[in-house]
Amino acid sequence: MINIKLVVPRKGYIKDAMERFEEFILQEARDAPEENIGFQLEEVVIPTDKIHKVKVDADVIISRGLVTKLLKEHNESIPIVDIPVQGIDLIRSLVECKERFGRKKVAVIGAANMIYGVENLESIMDLPIQKYILNDITVSDRTVDQAVSDGCEIVMSGLNTNKYAERIGMQTMLIETGKESFRQALVEAKRLAIVSRIEQEKAKRYQTILDHAYEGVIAVDLKKRVSVFNSSAQKILSIYDKNLIGVPVTGILNKGKFLDLLISRNDFQEEIVSYGTIQLSVKKAGIFLKGKKTGDMVAFQDVTGIQEMEGNIRKKIHSRGHVAKYSFNDIVFKSEMIGQTIETAKLYSKADSNILIVGETGTGKEMFAQSIHNNSNRRNNPFVAINCAALPESLLESELFGYAEGAFTGAMKGGKQGFFELAHRGTLFLDEIGEISPNLQSRLLRVLQEREIMRIGDDKIIPVDVRIIAATNKNLMDMVKNNEFRADLFYRLSVLDLQLPPLREHRKDIPVLAEAFMKKIQITDEAKERLKEEEWEGNVRQLQNFCERLMVLCKDQEINVLDVEKHLPKRAETDRTYVSEKERILKALEKHHFHKGKAASELGMSRTTFWRKLKKWNIETF
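These notes cover the structure that comes with them.

The rules we used
- Residues numbered from 1 in each chain as written.
- Predicted model: local features only at pLDDT ≥ 70, side-chain atom pairs only at ≥ 80, totals over all residues.
- Heavy atoms only, no water.
- Helix = DSSP H or I, 4+ residues; strand = E, 2+ residues; numbered from the N terminus.
- Rg over C-alpha atoms; globule rule 2.2 N^0.38 Å.
- Buried < 20%, exposed > 50% of the residue type's maximum accessible area, 1.4 Å probe, protein only.
- Contact = heavy atoms within 4.5 Å.
- Areas by Shrake-Rupley, 256 points an atom, 1.4 Å probe, with all protein chains shown as cover.
- Lys, Arg positive; Asp, Glu negative; His and termini not counted.
- Charge placed at Lys NZ, Arg CZ, Asp CG, Glu CD.
- Expected span 1.5 Å × (residues − 1).
- Salt bridge = Lys/Arg side-chain N within 4 Å of Asp/Glu carboxyl O.
- Core = buried A, V, L, I, M, F, W, Y, C linked by side-chain atoms within 4.5 Å.
- Phe/Tyr/Trp six-rings, centres within 6.5 Å; stacked < 30°, edge-to-face > 60°.
- Lys NZ or Arg CZ within 6 Å of the ring centre and 35° of its normal.
- Pairing = 2+ DSSP bridges.
- Axes fitted to C-alpha atoms, helices over the stretch in contact; angles between N-to-C directions.
- Parallel < 35°, antiparallel > 145°, perpendicular 65-115°, else oblique.
- Left-handed = near helix turned anticlockwise from the far one by under 90°.
- Polar contact = N/O pair within 3.5 Å; in protein donor to acceptor, adjacent residues only side chain to side chain.

On to the overall build of the chain, then. A tally of helices and strands in the chain yields 25 helices and 22 strands. For 622 residues, the compact-globule estimate of 2.2 N^0.38 gives 25 Å, and the C-alpha radius of gyration of the chain, at 44 Å, exceeds that figure by more than 25%. Principal axes of the C-alpha set define a box for the chain whose edges measure 145 × 55 × 45 Å. Of all 622 residues assigned to the chain, the portion counted as buried reaches 45%. Pairs at least 24 residues apart make up 62% of the contacts formed inside the chain by residues separated by at least 6 positions. Surface summary for the chain: the accessible area is close to 34,300 Å², and the carbon and sulfur share equals 50%. Side-chain charges of the chain comprise 93 positive and 90 negative groups, with the mean position of each set lying 3 Å from the other.

So, in structure tokens, the structure goes:
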């Protein structure tokens, strides 16, 4: 039901107002039967000098002349319709005035919107007319006195002005509102009421959204009066007054930098300010309508609350395992080769480009990936890892991109986030990237190009901010040449390349690695040297597994060379193995002009081991 209030200075001021309203409703029902909107009209009598003290509750207000002007000055929230005084209304009143009083000079006194153009009726009515614009009810008496001094004999005006004129002996005539004018006002009131109701519903939706937002939001108009003060703002600032809209913000907030930022003319992106005993993270922006500034707003959060929320999020991420556990400090090494590799990786970590890590199985590709993440600007965000060779294509696709509810049989209710979404603002580690199918290569390329994903079975685009670190033990360039891997994807992934050397190329690190893997047990120097002689085709991982085996099988507190020899895996010494080791020794000797010391150093062997190898392979030196 839409409630319309007719505000008048006395009862019956608008002749037959209620009867005219009923006629209007009946006519509207006949003209537009499909509109099922209820209306009611109530007449409210408020003396003109009391309008500023009375609050009218309505969907829309109808009034006339000076009453309308006063209502608009003291009421900005409710639409107000001015009942027009049309030319026909003035003509009717002037005709009746001439019939009652004859051809006497008439003072027509009223608001500008009531008596506009009345002087043009003088010749038509054959009646002397003097117009007086009344903008303030307090000067109506003086206006009447002026009309008397100007020789006017009759006052045609509103109720209050006529009362004074009658007291000083003047003849008066009330300007009546015609049926047409009243109907026009009702039509406009109906339109405004419907628009107002729609706007109120829209405002309520926005207010509900604001009240449930985590951030506090305060908006003010150009006069620094509050237009928005959401529930979060009240909670953060401990202000619980319900009647804040329209109140000057300087009377609500404590003096200080926060208030100064809100009422200043400058905008800013983000700033930390104090308010009482709390710290606020504040953003400010101007409010513009059609290019013209209409106010300012601030959005802010209690920094303590942000820290708590961040802690909870990080706990959830840790519980799901999406964290990087290793850093560069965890990498054990002694050789210059690994030291240079670490320095290169540190430089890569400060960039935000994709990285391709290439190395044999067991060389520590994921450890380097985690270290790069923990040394980057993304270290406080998720590190999500997936082995592309461990899952079939269909399952890998759903894990990477997620899926919508009902995308396939067995899909979780509500759908599921993919690893790209989980890694947002962080790092996604794609191990064994060379194993993904051509179909997934195409989808992955699109993600890297567009920085957005689409869940399986969904049509919504989700933007993602993810850094890709891929790893492989294959030669992707050869795969590109053989059309087994997309060239465009390869170049997208290998913006930065990191080559991890096999353990046989940095044998100096084997002793320190063995010590690190066997912290609780001593290992002799001879045992370490024997470990250096092995090939360790599984690299660091194989060495670590062997060290764990030694700790389980050896009961003594010290591991010697006999323990190592006893438990080394028995390998069939194929011709290929013989040739491989013999060729490496011969190449090293040739490179260093058969200088045995330099050749042994390059191969990471002690002189004793090198001499034994020479004897084993019947290599003669001169």
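With 33 residues, helix α8 (residues 179-211) extends 46 Å between its outermost C-alpha atoms, agreeing within 8% with the 48 Å of an ideal straight helix rising 1.5 Å per residue. Restricting attention to buried positions, one finds in α8 the residues Ser181, Phe182, Ala185, Leu186, Ala189, Lys190, Leu192, Ala193 and Ser196.

A few words now on the pattern of salt bridges. According to the stated counting rule, one finds 28 salt bridges in the structure shown. With its nearest N and O atoms 2.7 Å apart, the salt bridge here joins arginine 378 to aspartate 465. You can see arginine 378 sitting in the loop between α13 (365-374) and β15 (383-387) and its partner aspartate 465 sitting in the loop between β18 (461-463) and β19 (467-472), a full 87 residues away along the chain. Residue arginine 378 is classed as buried on the basis of its relative accessible area of 8%.

Turning our eyes to something else, we now look at the nonpolar core. Nonpolar side chains in soluble globular proteins generally cluster together in the buried interior. Counting residues in each nonpolar core, the largest one holds 33 residues, and the members touching the most others are Phe420, Leu428, Leu430, Ile433 and Phe485. Element by element, the count of residues in this core is highest for helix α16 (residues 438-450), at five residues. Setting aside chain neighbours within four positions, we find leucine 430 in contact with Ile386, Cys388, Leu400, Leu444, Ile468, Ile469, Ala470 and Ala471. Core analysis: the second largest hydrophobic core is formed by 25 residues, Ile61, Leu71, Ala107 and Ile109 among them.

In this section: the packing of aromatic side chains. In total, this model carries six aromatic pairs according to the counting rule given. Ring centres of phenylalanine 258 and tyrosine 275 lie 5.6 Å apart, and the angle between their planes is 80 degrees; on these two criteria the pair is classed as edge-to-face. Taken together, the residues span a long stretch of sequence, with phenylalanine 258 in helix α10 (residues 257-263) and tyrosine 275 in strand β11 (residues 268-275) at a distance of 17 residues. Judged on exposure class, the residue phenylalanine 258 and its partner tyrosine 275 are both buried. When the ring of phenylalanine 383 is compared with that of phenylalanine 429, the centres are 6.2 Å apart and the planes differ by 20 degrees; the resulting orientation is stacked. Taken together, the residues phenylalanine 383 in strand β15 and phenylalanine 429 in strand β16 (residues 427-431) connect sequence positions 46 residues apart. The rings of Phe258, Tyr275 and Phe300 are connected pair by pair, giving a single aromatic cluster. Here the basic side chain of arginine 443 rests over the ring of phenylalanine 401, its NZ or CZ set 4.0 Å away from the ring centre.

Turning our eyes to something else, we now look at the sheet that holds strand β14 (residues 355-359). The five strands are arranged β15-β16-β19-β14-β20 in an open sheet whose pairing can be described as parallel. The outermost strands of the open sheet, each flanked by one partner alone, are β15 and β20 (496-500). The sheet shows a mean angle of 15 degrees between the axes of neighbouring strands, taken without regard to direction. One ladder, built from four bridges, connects β14 with β19; its direction is parallel. Following the sheet pairing, isoleucine 355 is matched in β19 by isoleucine 469. The strands that helix α12 (residues 336-350) touches are β14, β19 and β20; relative to β20, the one it contacts most, it runs at about 155 degrees.

Before going further, it helps to spend a moment on the packing of helix α6 (residues 140-149) against helix α7 (residues 159-167). Taken N-terminus to C-terminus, the directions of α6 and α7 make an angle of 55 degrees; their axes are 9 Å apart at the nearest point. Compared by their axis directions, α6 and α7 come out oblique. You can see that α6 and α7 cross each other, and the crossing is right-handed. Counted together, Ser140, Asp141, Val144 and Asp145 of α6 and Thr161, Tyr164 and Ala165 of α7 form the full contact between these two elements.

Another point: unusual backbone geometry. Phi is positive for arginine 425, close to 70 degrees, though the residue is something other than glycine. Relative to the assigned elements, arginine 425 resides in the loop between α15 (419-422) and β16. Unlike most non-glycine residues, asparagine 539 shows phi in positive territory, near 60 degrees. Assignment of secondary structure puts asparagine 539 in helix α21 (residues 539-553).

Now for the pairing of strand β12 (residues 278-289). Sheet analysis places β12 next to strand β13 (residues 292-302), joined by ten bridges and oriented antiparallel. When the sheet's bridge partners are listed, leucine 280 is paired in β13 with aspartate 302. Hairpin geometry of β12 and β13 is characterised by an intervening segment of two residues between the two adjacent antiparallel strands and by a positive phi of about 55 degrees at lysine 290.

On to the sheet that holds strand β3 (residues 60-63). The sheet built from four strands is open, its strands ordered β2-β1-β3-β4 with parallel pairing. Where the open sheet ends on each side, the last strands, each with one partner, are β2 (39-45) and β4 (80-82). Adjacent strand axes in the sheet meet at a mean angle of 25 degrees when their direction is disregarded. Sheet analysis places strand β1 (residues 2-8) next to β3, joined by three bridges and oriented parallel.

This paragraph deals with the environment of aspartate 352. Relative to the helices and strands, aspartate 352 resides in the loop between α12 and β14. Exposure remark for aspartate 352: the relative accessible area of 47% places this residue in the partly exposed category. It is 59 Å that separates the C-alpha atoms of aspartate 352 and glutamate 73, two residues lying 279 residues apart in sequence. Non-local contacts of aspartate 352, meaning those with residues more than four positions away in its chain, are made with Arg378 and Arg467. Within the structure, the side chain of aspartate 352 is placed 2.8 Å from the side chain of arginine 378, a separation counted as a polar contact.

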